[in-house]
Amino acid sequence: MPLLPKPHVSLYASDKAQYIQALFSQIAPRYDGINRVLSLGRDLAWRRRAAAQCALQPGRQVLDVATGTGDLAFSLACHVAPHGQVIGLDLNAEMLAIARKKAGKRDPYRVCRFIQGDALQLPFPDHAFHAVTIGFALRNVTDISTCLAQMYRVLKPDGRMVCLELARPEKRVWRQLHAVYLRLIIPGIGRLGHGVAAPYQYLANSLTDFPGRKQLVQLMLGVGFKQVHYVNLLGGVATIHVGIA
Ligand SMILES: C[S@@+](CC[C@H](N)C(=O)[O-])C[C@H]1O[C@@H](n2cnc3c(N)ncnc32)[C@H](O)[C@@H]1O
């Protein structure tokens, strides 16, 4: 298995995009399993909670940006099936192949369609979707504001944008424990589950550069979202931000 280069402290946007794609191609086959372990079994419940925040009804059209192996798209499918549609978009062919395989022809997942595309240039007309989501991925795009602006653009008026993302706890003791978890435990589990620590080291480091929850509120307001708010999950190790177009 080719080793990824160690992530630089600050990568140029094009280098970061290439690095991220090599990283997800490499970890795709074990992404789901390692997610379960790293989130202490909570990630699927968090995605269900994020999907519920979209306030969807059957028949609605939803876009899941940077869908990866599709788990958030599958949670959304449960709300819009049987006549709605969920489009899961991602740049990475290996992650999408796993999403398609998991969906198969099963209900309600058959309402999901997985396509390759860029979150920074969404290939959809304005106002196409009732809701747009992004799960554990805003931290991986090279330009957060452009991604948010694209999500805003493709939402119908009053449609909902929901962002599920890892975060750092607000309380001091939790924050210190969390720092140990990020620095030691995540790369360790990555090494055990995958044989290499570098991809998981990058994922842990990427949290350090990511805007805090209040900064993300400001970025969302900046591209036009209204009524922006967030909820903390598990003491603040993850957050769900919601905004209305
Ligand atoms: C940590 S995974 C999250 C996957 C999924 N949303 C989930 O809930 O598990 C991040 C995903 O973002 C995708 N990604 C990163 N930059 C992207 C971009 N510019 N456009 C589309 N997908 C992108 C990666 O290919 C990867 O599948």
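Look above for the structure.
Since this is a predicted model, take the numbers as computed values, not measurements. (Residues numbered from 1 in each chain as written. Predicted model: local features only at pLDDT ≥ 70, side-chain atom pairs only at ≥ 80, totals over all residues. Heavy atoms only, no water.)

Go over the environment of Ile-115, please, and point to the residues and values.
Mapping Ile-115 onto the fold places it in strand S3 (residues 112-116). On a C-alpha basis, the gap between Ile-115 and Ile-87 in space is 7.3 Å, while along the polypeptide they are 28 residues apart. Look past the residues within four positions of Ile-115 in its chain and what remains in contact with it is Ile-87, Gly-88, Leu-89, Asp-90, Leu-96, Arg-100 and Phe-124. (Helix = DSSP H or I, 4+ residues; strand = E, 2+ residues; numbered from the N terminus. Contact = heavy atoms within 4.5 Å.)

Can you break down the site of the ligand residue by residue, with the values?
Looking at the ligand, there are 19 residues lining it, with Tyr-31, Ala-66, Asp-90, Ala-119 and Gly-135 nearest. Take Leu-91: an N or O atom from its main chain is 3.3 Å from a nitrogen atom of the ligand. One of the side-chain N or O atoms of Asp-118 is found 2.8 Å from a nitrogen atom in the ligand. Across the complex, the protein chains shield 97% of the 600 Å² of accessible surface that the ligand would expose by itself. Judged by its atoms lying within 2 Å of the grid points, the ligand is housed in the second largest pocket. Ranked by residue count, the leading element in the shell around the ligand is helix H1 (residues 13-27), at 3 residues. Residue classes in the shell around the ligand are distributed as 9 nonpolar, 7 polar and 3 charged. (Near = heavy atom within 4 Å. Polar contact = N/O pair within 3.5 Å; in protein donor to acceptor, adjacent residues only side chain to side chain. Areas by Shrake-Rupley, 256 points an atom, 1.4 Å probe, with all protein chains shown as cover. 1 Å grid on protein atoms, 1.4 Å probe; cavity = no way out; pocket = protein on both sides within 12 Å on 5 of 7 lines; lining within 4 Å. Sits in = over half its atoms within 2 Å of the grid points. Nonpolar A, V, L, I, M, F, W, Y, C, P; charged D, E, K, R; others polar.)

Please set out the sheet that holds strand S7 (residues 238-244) residue by residue, giving values where relevant.
Read from one edge of the open sheet, 7 strands run S3-S2-S1-S4-S5-S7-S6, paired in mixed fashion. Edge positions in the open sheet fall to S3 and strand S6 (226-233), since each of these has one partner strand only. Across the sheet, the axes of successive neighbouring strands diverge by a mean angle of 15°, strand direction being ignored. Direction of pairing for S6 relative to S7: antiparallel, over a ladder of 6 bridges. (Pairing = 2+ DSSP bridges. Axes fitted to C-alpha atoms, helices over the stretch in contact; angles between N-to-C directions.)

Break down helix H3 (residues 43-52) for me, citing the residues and quoting the values.
Burial in H3 covers these residues: Asp-43, Ala-45, Trp-46, Arg-47, Ala-50 and Ala-51. Contacts from the buried residues of H3 go to helix H2 (31-38), helix H4 (71-80), strand S5 (155-166), S6 and S7. (Buried < 20%, exposed > 50% of the residue type's maximum accessible area, 1.4 Å probe, protein only.)

Explain the packing of H1 against helix H8 (residues 198-209) to me, using residue names and the numbers behind them.
Where H1 meets H8, the axes come as close as 10 Å, and the angle between the chain directions of the two elements is 130°. The orientation of H1 relative to H8 falls into the category oblique. For the crossing formed where H1 meets H8, the hand is left-handed. Along its contact with H1, which presents Lys-16, Tyr-19, Ile-20, Leu-23, Phe-24, Gln-26 and Ile-27, the element H8 presents Ala-198, Pro-199, Tyr-200, Tyr-202 and Leu-203. (Parallel < 35°, antiparallel > 145°, perpendicular 65-115°, else oblique. Left-handed = near helix turned anticlockwise from the far one by under 90°.)

I'd like a description of the state of the cysteines, backed by residues and values.
In the structure shown here, the tally under the stated rule is 0 disulfides. Left unpaired, Cys-78 is separated from the closest cysteine sulfur, that of Cys-112, by 8.5 Å. No disulfide involves Cys-163; its sulfur sits 8.5 Å from that of Cys-147, the nearest cysteine. (Disulfide = S-S within 2.5 Å.)

Pulling in residues and values, what's your account of a nonpolar patch on the surface?
A surface patch of nonpolar side chains, amounting to about 350 Å² of accessible area, comprises Val-173, Trp-174 and Leu-177. Note that Trp-174 resides in helix H7 (residues 172-194). On the basis of relative accessibility, which here comes to 47%, the residue Trp-174 falls in the partly exposed class. (Patch = residues over 30% accessible without salt bridge, like charges linked within 9 Å, V, L, I, M, F, W, Y side chains within 5 Å. Salt bridge = Lys/Arg side-chain N within 4 Å of Asp/Glu carboxyl O.)

These figures capture arrangement, not role.
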